[in-house]
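Coordinate analysis (summary)
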Amino acid sequence: MTWLREVLRRPAGAFGAVVIVLLVAAAVVAVFWTPQDPFETDPFHRWLGPSAAHLFGTDRVGRDIFSYVFAATRTTVLVAVLSSVVAALVGLLLASIGALGPRWVREPVAVLIDVLIAFPVLLIAIMLSAVLGASLGTVITAVGIGFGVNIARVARGEIRRVARTGYVLAGRASGLGPWRSLTDHVLPNIAPVFIVQLSLSAGVAVLSEAGLSFLGYGAPPSTPSWGRLLSDLQNYVTIYPLTVVWPGLAITVSVLAFNLFGDALREATDPRLRSSRRRSER
Amino acid sequence: MLRFVAIRVALLVLGLLVAAVLIFLTLRVLPGDVAQVIGGTRATAEQVARIRTGLGLDRPIPVQFLDWIGGVLHGDLGRSLITGTPVATELGAKLAVTLPLAGLSLVLGLGLGIPLGVLSAVLHRRVGGFLIAAAAQAVAAVPVVFAGVLLVLLLGAWLHLLPVQGFPLDGWREPGRAFASLILPALTIGVVEGAVVLRFTRSATLEALGQDHVRTAAAKGMTMTRALVTHGLPGVLLSVIAVIGLEIAALLVGAVIVESLFQLPGVGRMLVTDVANRDLEKVQSELLVLTGLILVVGAVVDVLHRVLDPRLREQA
Amino acid sequence: MTLVVRGLTVRFGGRTAVDGVSFTVPDGGRLGIIGGSGSGKSLTTLAILGLLPEGATATGSVLLDGVELLGMRERELARIRGLRVGVVFQDPQTALNPLRTVGRQLAEPLRLHGLATRRQQRAEAVRLAALVRLPDPEQLVDLYPHQLSGGQRQRVAIGIALACAPGLLLADEPTTALDVTTQAAILALFDGLVEDTGASLVFVTHDLAVLARISTDVLVLSEGRAIESGPVERILGAPQQPVTAALVAAARATSFRADES
C-alpha cells in the first residue's frame, strides 16, 4: 500500500484523509447517538444563535442544527459510499464490454456511453425521481449511472491502452483466456486510475445529493440531509444569515476532502509523474 | 473533413434518438397517473378513463412514441396534459431566460477560469500561484446552492447592489432590468464552474510549461514567458475547448438549481414544477430539448476542435 | 565567437548535477562533450543560454565573447538566443510546435530579431528549408510537423538554429533519437553547414563514433565532473582517465564487430 503512504505524505492528501475519516466516524457514531434529537421541534427556542446548548443554534422550528448536521453525516456517507460502488460496477461493466467485447458489441456501447454522458446526473435524477419518487435510492442510482458512465469512458480508454501492451498480448498468445487476461493483467493496471475516479465520484455524489435534496428530489423529510437543511434555511437567509453556513460548510468541506484525496491519489499513482521524478534525479 | 462532419452529424442524430427513447421509456414506467391528477381526487374511474382516452394515453407505447417524435420533427412538442397549452410556445419563453443565463454563466466562467488558471500555473512556484489554486479547489467544492445563497447575502442583501430574486414580468422588453436579474444567478454558476475551468486550465498550462517546443521557441530569441504565451497557450486553449462541451452540461444543471433559488422563470424551474405535476408531455419534451442542447453543443465543439487542431484535420 | 566556461555548477532536484565544469571553445572551434547518462552533459549546454528546466539553478561563469551570460536578465538573454547562439535539441518529435506550419517556425528567429519582414517570411523559410536539404521546399514549408518524418523534423530544427547565422551552435544529442541511416545523413549535413558558416560548435553526445566524426576537441564528463579534455585524436588514441578509456574500449568493441562482418 505504498500509494497510501505517498498520499499521506502530501499535506492535501493528509487533510483529505483526515476529514474523510472524521466524516465516517461521525456517521457511525450518529447511527447510535446524536447530542439531541435532530427532529425534535421546540417552538419556544426558534432561531437561537450558537450557544453551549446549541452549538450551531436552532432553526425555524426549533431543531438543534448541530444535531441535525451531525445526524446528516449518516446520509452523506451512505450516499457517497453506495454511489461510488454503483458507479464502479456500472463503469467497469460498460468499460469492459466497450473495450474487450466483439466488434458488433463495442461500437454500440461506445455510442451509448457518449450519449449517456450528455445526461447530467441531475437530469437523470429528475427523470428517475419522476418515476420512482424522491428518495436516497434515486440519488444513489442517478449518481451511480451518471458518474458510472464517466468512469466507463475513462476506464475504456485505459483498458484499451493496457490491452494493447506487449505483455498482455504475450499473455493472450500463451493461451490466457480473455477473462483471465482481464483480471490478472488489465485490472491491476487500471486500478490506480480507477481508484482516483472513485474518490472523485464520492465528491460528485455529495454535491448531487445536496442539490437534489435542495430541489426536493433527494432525501425525504424524514431523513436528515444537508441539502434539505439548506433548502429549509435559505428562505430566511437575509434575516438569519449564520444558519446556512453550517450545512453549506459541511458539504463544502466534505467534497473538498474527497477531491483533495483523489488529487493526491492521482499524483501518487500516476506512472508518468513517477518516471519524471526519476528523471530529475538522473 | 467533410466526411468527419457528416459522421459527427449522423452520430448526433443517433444520440438524439437514443436520448429520446431513453427519456420516453423511463417516463412511461411512471406509476403516477396524470389522468387521475387532472380528474382530481373525486373523479370516478369512468371519468378518469375518459380523460385518459381523450389524451391518447391508452394507445400502445410505440404509437405514442412515434406520435411524439413525429410532432417534434415538425416543431410540435405536444401539449401540456394539464393546461393544454402547447409546450413549444411556453418552452420558447422559458428558453429566453435559460439560454442567456447559461451563456452569461459560460462567459463568466471562462473569463474567470482561463486567465486565473494560466496565472496560477505561471506562478506555480510562488505563493500567489498556490493561493489561486487552493482557492479554486475550495470554490469547486462549494455546492451551487450554497454559492448562490452566499452571493445573495454578499451582493444582494448587504450591499444592495443587484436584484435578488425574480425576473421582470415584461421579460426582455426591459433589457436592463432583465439582464440585471440574471447577473447574480450567472455569477453563482460562473464562479463555481469557473473554478473547475481554472483547475483544468492550470494543469494544461503546467504541462505546456514543460513542453520541449516551448523551450525551442525561447531558444529562437524570446523570454521563457513569451514563449509560453505565444507557443504554449494556443495548445492550452485548444484543450479547454474540448472541455467546454462537458461544461455545458454542468451549466444547465446549475441553471436548474439557480432558477429555483432565484425564482427565475426558466426551463429548469419549469421542469421541476412539471415533474411534480406529473405532466408527462411537457417533461419529456423539456428533457429532450435540454439533452438535445447538450448533444448539439458537444457535436459543435467536436467539429471545432477538429478544425483547429492540424494534427486531427486529415484523419478519417 | 568564443565561449569560455569556468566553474559551471548546476543544482537540480536537490543534487549537484554539474560540478565545477570548465572548458573553452575558441572561435571556429568544435567541442564534443561526451559522457554517459547522468553525466550532466545536457544540463551543461542548457545552462549556457539559461534554458534550464524549472527548479534548476546555475552558478559559475559563462563568457560569450567576453560577455557574462549567467545571471543575465531574461530580456537580454532573449536578444542573444537565436541571433548569436543557435540550439538544436534532442527530440525532433517534441521540439517543434504541432500547431504551426514548418515554414512559420523556420522563419520565426528571423522575425524575432528583425532580420525579415512578414512578407519576406515565406521566401526565407523556403531558403532555409533548401539549406538543410529538405525535399521540395516550396511545398514543405506549408506542412505541419506531424506530416514530416523524424529526420525531416530534425533538419527543420537545424534550419531554425542556423536561421540567423549565429556565431555559436549548441547541439544537445541531435542525432540520438534518429535511426542509424538518418543519423549519418543528419550528421553529414551538420558537419557541412557548420563548416560553411564557420560557427563555433558545442556538440553533446554519448556516442564516440559521432564524436570522432564531428568534433576537434573533446570534453569527457562523468557524474557532473569534467574528467578529461583534449584534442580528439589524443583522447581516442591515448585516453588518460579510466572513464575515458572505458568509453573508448566499448566503442572499439562495437566497431570491431562491424569490421569483422
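Residues numbered from 1 in each chain as written. Chains lettered and ligands numbered in written order. Predicted model: local features only at pLDDT ≥ 70, side-chain atom pairs only at ≥ 80, totals over all residues.

Now for the overall build of chain A. Helix and strand counts for chain A come out as eleven helices and zero strands. Listing each helix as α and each strand as β along chain A from the N terminus yields α-α-α-α-α-α-α-α-α-α-α. Counting over 282 residues, chain A shows a buried share of 49%. Expressed as a percentage of contacts within chain A between residues at least 6 apart in sequence, the contacts between residues at least 24 apart total 70%. (Helix = DSSP H or I, 4+ residues; strand = E, 2+ residues; numbered from the N terminus. Buried ≥ 20, exposed ≤ 12 C-beta atoms within 10 Å, placed from the backbone. Contact = placed C-beta atoms within 7 Å.)

So, on to the overall build of chain B. The number of helices and strands found in chain B is 13 helices and zero strands. Going from the N terminus to the C terminus, chain B shows its helices and strands as α-α-α-α-α-α-α-α-α-α-α-α-α. Within the span of chain B, comprising 316 residues, buried residues form 42% of the whole. When contacts within chain B are restricted to residue pairs at least 6 apart in sequence, those whose partners lie at least 24 apart make up 70%.

This paragraph deals with the nonpolar core. Ranked by size, the top nonpolar core spans 248 residues in total, and within it Val69(A), Ala125(A), Val206(A), Leu252(B) and Leu106(C) carry the most contacts. Counting residues per element, this core draws most heavily on helix 3 (residues 65-100) of chain A, at 17 residues. In contact with Val206(A), other than residues within four places in its own chain, are Thr76(A), Val79(A), Ala80(A), Ile251(A), Ser254(A), Val255(A) and Phe258(A). (Core = buried A, V, L, I, M, F, W, Y, C linked by C-beta atoms within 7 Å.)

As a further point, take helix 1 (residues 41-48) of chain C. All names here are of chain C. Counting buried positions over the eight residues of helix 1 gives eight, a clear majority of the element. For helix 1, the set of buried residues is Lys41, Ser42, Leu43, Thr44, Thr45, Leu46, Ala47 and Ile48. Positioned one or two residues after helix 1, glycine 50 has a phi angle of 70 degrees, which is positive.

Taken together, the contact between chain B and chain A spans 40 residues of the former and 31 residues of the latter. Secondary-structure elements contributing two or more residues to the side of chain B that touches chain A are helix 1 (2-28), helix 6 (127-140), helix 7 (144-158), helix 10 (224-261), helix 11 (267-276) and helix 12 (280-308) of chain B. Partitioned by chemical class, the residues of the side of chain B that touches chain A number 34 nonpolar, six polar and no charged. (Nonpolar A, V, L, I, M, F, W, Y, C, P; charged D, E, K, R; others polar.)

Attention shifts here to helix 4 (residues 61-73) of chain B. Because an α-helix packs 3.6 residues into every turn, residues spaced three or four apart end up facing the same way. Taking 1.5 Å of rise per residue, 13 residues should cover 18 Å, and helix 4 of chain B covers 19 Å from first to last C-alpha, within 8% of that figure. Gly75(B) occupies a position one or two residues after helix 4 of chain B and carries a positive phi of about 85 degrees. (Expected span 1.5 Å × (residues − 1).)

Turning to the packing of helix 5 (residues 87-122) of chain B against helix 8 (residues 175-209) of chain B, a few remarks are in order. Residues and elements named next belong to chain B. At a minimum axis separation of 5 Å, helix 5 and helix 8 run at an interaxial angle of 35 degrees. Seen along the crossing, helix 5 lies across helix 8 with a hand that is right-handed. When grouped by side-chain class, the residues that make up the contact of helix 5 with helix 8 number 22 nonpolar, nine polar and three charged. (Axes fitted to C-alpha atoms, helices over the stretch in contact; angles between N-to-C directions. Left-handed = near helix turned anticlockwise from the far one by under 90°.)

Moving on, we get to the sheet that holds strand 10 (residues 225-231) of chain C. Residues and elements named next belong to chain C. Across the sheet, which stays open at both edges, the six strands sit in the order 6-7-8-3-9-10 with mixed pairing between neighbours. Of all strands in the sheet, those with a lone pairing partner are strand 6 (85-88) and strand 10, marking the two edges. Recorded for the sheet is a direction-independent mean angle of 15 degrees between the axes of neighbouring strands. Of the strand pairs in this sheet, strand 3 (residues 30-34) and strand 9 (residues 217-222) are connected by four bridges, and their pairing is parallel. (Pairing = 2+ DSSP bridges.)

Let us look at the pairing of strand 9 of chain C. Residues and elements named next belong to chain C. Along strand 9, five of the six residues are buried, which leaves the element largely enclosed by surrounding structure. The pairing of strand 9 with strand 10 spans six bridges and is antiparallel. Within strand 10, the position partnered with leucine 221 by the bridge is alanine 226. The antiparallel hairpin formed by strand 9 and strand 10 contains two residues in its connecting segment, where glutamate 223 sits at a positive phi of about 50 degrees.

For the rest of this paragraph, the subject is the sheet that holds strand 5 (residues 67-68) of chain C. Residues and elements named next belong to chain C. A sheet is described by the order of its strands in space; here four strands give the open sequence 2-1-4-5, paired in antiparallel fashion. In the strand order of this sheet, the two ends are held by strand 2 (15-25) and strand 5, each with one partner. Bridge count between strand 1 (residues 3-12) and strand 4 (residues 57-64): seven bridges; the pairing is antiparallel. The residue of strand 4 that forms the bridge with valine 10 is alanine 58. Packing against the sheet, helix 1 makes contact with strand 1, strand 2 and strand 4, and its axis sits at approximately 115 degrees to strand 1.

Moving on, we get to the pairing of strand 3 of chain C. Residues and elements named next belong to chain C. The buried count for strand 3 comes to five of five residues, which makes it a mostly enclosed element. Alternating residues of strand 3 divide into Arg30, Gly32 and Ile34 and Leu31 and Ile33, and every residue in both groups is buried. In terms of strand pairing, strand 3 meets strand 8 (residues 200-205) through five bridges, oriented parallel. Of the residues in strand 8, the one forming a bridge with isoleucine 34 is threonine 205.

All names here are of chain A. Viewed as axis vectors pointing N to C, helix 2 (residues 11-32) and helix 3 meet at an angle of 115 degrees, and their least axial separation amounts to 7 Å. Regarding the angle of helix 2 to helix 3, the classification is roughly perpendicular. In this structure, helix 2 crosses over helix 3, and the sense of that crossing is left-handed. The segment helix 2 lies against helix 3, with Leu23, Val24, Ala26, Ala27, Ala30 and Val31 engaging Phe70, Ala71, Thr73, Arg74, Thr76 and Val77. Class assignment of the residues belonging to the contact of helix 2 with helix 3 gives a composition of nine nonpolar, two polar and one charged. (Parallel < 35°, antiparallel > 145°, perpendicular 65-115°, else oblique.)

Residues and elements named next belong to chain B. Per-residue pLDDT for chain B has a mean of 83; in total, 90% of the residues score no lower than 70. The least confident element of chain B is helix 2 (residues 34-39), whose mean pLDDT is 63; the most confident is helix 9 (residues 212-221), at 93. For this predicted complex, the interface score ipTM comes out at 0.88, while the overall pTM is 0.82. (pLDDT = per-residue confidence, 0-100.)

In this section: the environment of Leu63(C). All names here are of chain C. On the secondary structure map, leucine 63 appears in strand 4. The class of leucine 63 is partly exposed, set by 15 C-beta atoms lying within 10 Å. Residues leucine 63 and valine 5, 58 residues apart in the sequence, show an inter-C-alpha distance of 6.3 Å. If sequence neighbours within four positions are ignored, leucine 63 has contacts with Val4 and Glu68.

Considering the arrangement of structural elements, one finds Leu209(B) in helix 8. For Leu209(B), a count of 19 C-beta atoms within 10 Å gives the class partly exposed. Linking Leu209(B) and Ala121(B), residues 88 residues apart in sequence, is a C-alpha distance of 8.3 Å. Beyond its immediate stretch of four places on either side in the chain, Leu209(B) contacts Ala121(B), Leu228(B), Gly232(B) and Glu54(C).

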